[in-house]
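Observations on chain architecture
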Amino acid sequence: MDFYTLRPPNYRFLSDSIIGGVVQRRRSSRDVVSEEYRAPQSYRDYYRPRQPSYPATRPYESRPVNRTSCGSERSVIPQRDAEAVLGLLSLTSGTKRQRVESPDYSSRKLHCARTEASTPQPETDTESLNSEKQEAAAAKCREEKRLDYMHDDRISHLKKQTLKLREEIDKVEYRRREISALPARHNGWDVAVEYFKLFRYGLQSRGRSTIIKHSDEQLAFLRKTMSPNVVLNTGQGHDAMLRSWKCISLWFKDVEVKVEGLDRSAAGSLEAITETSVTVTERTLRNVFPHLISRNGTNCELAEQLLGRRIVMRGLTRFEWDSASRCFTSVIAHSDLLTPMLHLLGNVEDVAQVFQRSSVTPDFQWRSMV
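Treat the numbers as computed from the prediction; the structure is a model and nothing was measured.

Digging into the confidence of the model for the chain
The predicted coordinates should not be examined in detail at positions where pLDDT is low. Counting all residues, the mean pLDDT for the chain is 75, and 61% of those residues have values of 70 or more. pLDDT under 50 marks residues 65-74. Its contacts with residues more than four places away, or in other chains, come to 7 contacts.

Some remarks on the pairing of strand S5 (residues 310-322)
Because side chains alternate across S5, one face comprises the buried residues Ile311, Met313, Gly315, Thr317, Phe319 and Trp321, and the other comprises Arg310, Val312, Arg314, Leu316, Arg318, Glu320 and Asp322, none of which is buried. Strand direction decides the pairing type here: S5 and strand S6 (residues 327-335), joined by 8 bridges, are antiparallel. In the strand pairing of S6, Phe319 is matched with Val331. Hairpin remark: S5 followed by S6, antiparallel, with 4 residues in the connecting loop; positive phi at Arg326, about 55°.

Brief notes about the side chain of Asp350
Assignment of secondary structure puts Asp350 in helix H13 (residues 348-356). Beyond its immediate sequence surroundings of up to four residues, Asp350 is in contact with Leu302 and Leu345.

Overview of helix H12 (residues 338-345)
Listed as buried for H12 are Pro340, Met341 and Leu345. The arc that holds every buried residue of H12, seen down its axis, measures 120°, which confines them to one face. Those residues of H12 that are buried lie in contact with helix H11 (301-306), S5 and H13. Positive phi appears at Gly346, one or two residues downstream of H12, with a value of about 95°.

Considering empty space enclosed by the protein
Scanning all chains against the criterion turns up 1 cavity of 30 Å³ or more. Put simply, the largest cavity is a space of about 410 Å³. Lining the largest cavity are 21 residues, and of these Asn233, Ser244, Trp245, Ile248 and Ala333 lie nearest its centre. Mapped onto the lining of the largest cavity, the elements with two or more residues apiece are helix H7 (189-198), helix H9 (238-251), strand S4 (270-279) and S6. Its residues assigned to classes, the lining of the largest cavity comprises 12 nonpolar, 9 polar and no charged.

Comments concerning the pattern of salt bridges
Per the stated rule, a full pass over the model turns up 5 salt bridges. The closest approach of N and O atoms between Glu275 and Lys258, which form a salt bridge, is 3.5 Å. Remark: Lys258 occurs in strand S3 (residues 253-264) and Glu275 occurs in strand S4; sequence separation between them is 17 residues. For Lys258, a relative accessible area of 32% translates into the label partly exposed. Notably, a salt bridge pairs Glu271 with Arg318, separated by 3.3 Å at the nearest N-O pair. Remark: Arg318 occurs in strand S5 and Glu271 occurs in strand S4; sequence separation between them is 47 residues.

Conventions we followed
- Starting afresh in each chain, residues are numbered from 1 along the sequence in its written order.
- Side-chain atom pairs in this predicted model are given and counted only at pLDDT of 80 or more, local residue features only at pLDDT of at least 70, and totals for whole chains, interfaces and linings cover all residues.
- Computation of side-chain values covers all heavy atoms of the structure but excludes hydrogens and water.
- A residue's pLDDT is simply how confident the predictor is in it, with values from 0 to 100.
- Contacts are residue-level and defined by heavy atoms, with any inter-residue pair within 4.5 Å sufficient.
- Only protein chains enter the accessibility calculation, which uses a 1.4 Å probe. A residue is then buried if its area is under 20% of the maximum for its type, exposed if over 50%, and partly exposed in between.
- Secondary structure elements are defined from DSSP: runs of H or I of at least 4 residues count as helices, runs of E of at least 2 residues count as strands, and each element is numbered from the N terminus.
- Note: two strands are recorded as paired if DSSP finds a minimum of 2 bridges between them.
- Read the arc as the range of directions from the helix axis to the C-beta atoms.
- Only protein atoms enter the 1 Å grid, on which a cavity is a set of points fitting a 1.4 Å probe that cannot get out and a pocket is an open set with protein on both sides within 12 Å along at least 5 of 7 lines, lining residues being those with an atom within 4 Å of a point.
- Grid points are joined across faces, edges and corners, and a volume is the space filled by probe spheres set on the points.
- Three categories are distinguished: nonpolar for Ala, Val, Leu, Ile, Met, Phe, Trp, Tyr, Cys and Pro, charged for Asp, Glu, Lys and Arg, and polar for the others, with Gly belonging to the last.
- In the sections that follow, a salt bridge refers to a side-chain nitrogen of Lys or Arg positioned within 4 Å of a carboxyl oxygen of Asp or Glu.

So, in structure tokens, the structure goes:
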């Protein structure tokens, strides 16, 4: 046998630190001997070894030991003994293994800690009430700012509208002063203004009648201020002028002629800048643009594009005044119908097709009248 009581078989694997770190266990309270058991007999009986209640174990059988392998310096340590030694060393070395955390876990842990630190929770009811009051005050402040912004925006819009109305009032006032400052009948300014006032909406039907006819006031004005042989775009005389106005009023809807300016030209005639507005209806297509309606009565694509549209034309009306007879001897009017047609149809080919066999020219002159 190569071992004895003070020299166990694995003595080579026990370091001095392990052996030196052994501490005697403290005796429990039940092992403390009281005074009554200090008598020799009692003491001997108390510490008498107890008989085991389990059957005796098998007798120890000694095994032959290979002295050459145990005493060799190059012997291989069994894995079981190596694990036992490493376990004892880890318990007595005083160092603890640190938990290795993955980068993702560490970043999530740090993010949670920052979030908790950035959102402090109220510790008491008073702090909670104060926090609610602060939030309510902040919401009220934001609402007041929003209302102030809306109020300022409304005020700005009203200021712009007021400025626009003032500009229009100034224009109307300027025209009124110009008209009021015109001389008397000897140069025809007041006659031209009265003419556009009476014929602003063309010829109207009277009462319950649907027949469009000139009024007595319009006829009396023409006889008083126009020469009997007054020269027009499509004829001469008072009747030719009334027929021209009748065609416009009968074949178009909602006729309106507005004067935007009145001035004297270099030749001495009066020139009025006008704006004429008309609406295209079914009657307009049948009488002014009949070639846009097929034989079976259906409208072509161009007619559908024009139907119901409001056309606004810029124009010029020139008056020739005779100072001797104190009346107009010539009234020539032109309006630009070509430009709004181009805007409505979009190309020159369609515009040319519309005016190809129409009753009106691109400068709004009648080829034939009723």
